[in-house]
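# Structural overview
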Amino acid sequence: MITLGVQRCGSTVLAGISGHLDEGAAGQLQQVLDGVTAYERDLMVDVHHMTSMDTGGLLHLLDLHRHAELLGLRVLVVGWQPQPQRLMADVAGIPGPGTATGERFALAGFRRLIEQRAQRARDQSDFAAGSLPRS
């Protein structure tokens, strides 16, 4: 479960995420983009207090990033914590501690790679649990 705070400062939308980002966060994350105007140019997502996330949460964060870019916003995610960084590194297949996956999050090619692999991991998990894969 996450706690989400959204503020608008001039041309920037500031969003702070706290807690565990998981499958249930889709609706809350979409609230970040509610009311975005033509005057806003940037979205800064602060994840300093996001202690953990799972692949469902990662997919929601990637979806938020993609939708923000479609609205014309530049997106910056700051404050990556160790567990979310490890999850992204594991999903992306980047070995070793201390990999700078948070810094790579802004690269469209990296986001596509990690989104494809996270979706595959989630589908495999759903299949193993006996539920149907998502489309």
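Residues numbered from 1 in each chain as written. Predicted model: local features only at pLDDT ≥ 70, side-chain atom pairs only at ≥ 80, totals over all residues. Heavy atoms only, no water.

## A closer look at the side chain of arginine 122
Heads up, the condition is: Each helix is a run of H or I in the DSSP string that is no shorter than four residues. Each strand is a run of E no shorter than two, and both are numbered from the N terminus. Burial status follows relative accessibility: with a 1.4 Å probe on protein chains alone, a residue under 20% of its type maximum counts as buried, one over 50% as exposed, and anything between as partly exposed. Two N or O atoms form a polar contact when they lie within 3.5 Å of each other; inside protein one atom must be a possible hydrogen donor and the other a possible acceptor, and for residues adjacent in sequence the pair counts only when both atoms belong to side chains.
One can find arginine 122 in helix α5 (residues 108–128). On the basis of relative accessibility, which here comes to 11%, the residue arginine 122 falls in the buried class. Among the polar contacts made by the side chain of arginine 122, one reaches the side chain of glutamine 119 at a distance of 3.2 Å.

## Overview of the pattern of salt bridges
Put simply, the rule is: When a carboxyl oxygen of Asp or Glu is within 4 Å of a side-chain nitrogen of Lys or Arg, the pair counts as a salt bridge.
Taken as a whole and assessed by the stated rule, the structure comprises 5 salt bridges. Residue aspartate 42 is joined to arginine 74 by a salt bridge in which the shortest nitrogen-to-oxygen separation is 2.8 Å. In this pair, aspartate 42 is assigned in strand β3 (residues 42–53) and arginine 74 in strand β4 (residues 74–78), connecting sequence segments 32 residues apart.

## What about the sheet that holds β3?
This is how the line gets drawn: Note: two strands are recorded as paired if DSSP finds a minimum of 2 bridges between them. What counts as an axis is a line fitted to C-alpha atoms, over the stretch in contact for a helix, and the angles between N-to-C directions run from 0 to 180 degrees. Contacts are residue-level and defined by heavy atoms, with any inter-residue pair within 4.5 Å sufficient.
Pairing in this open sheet of 4 strands is mixed, and the strands run β1-β2-β3-β4 from one edge to the other. If you trace the sheet from one side to the other, it starts and ends with β1 (2–9) and β4, each paired once. Looking at each pair of strands side by side, their axes are set apart by 15° on average, direction ignored. Pairing between β3 and β4: 5 bridges, direction parallel. Considered in β4, the bridge of leucine 43 is made with valine 75. Contacting β2 (12–21), β3 and β4, helix α2 (residues 55–70) crosses the sheet at an angle of about 175° to β3.

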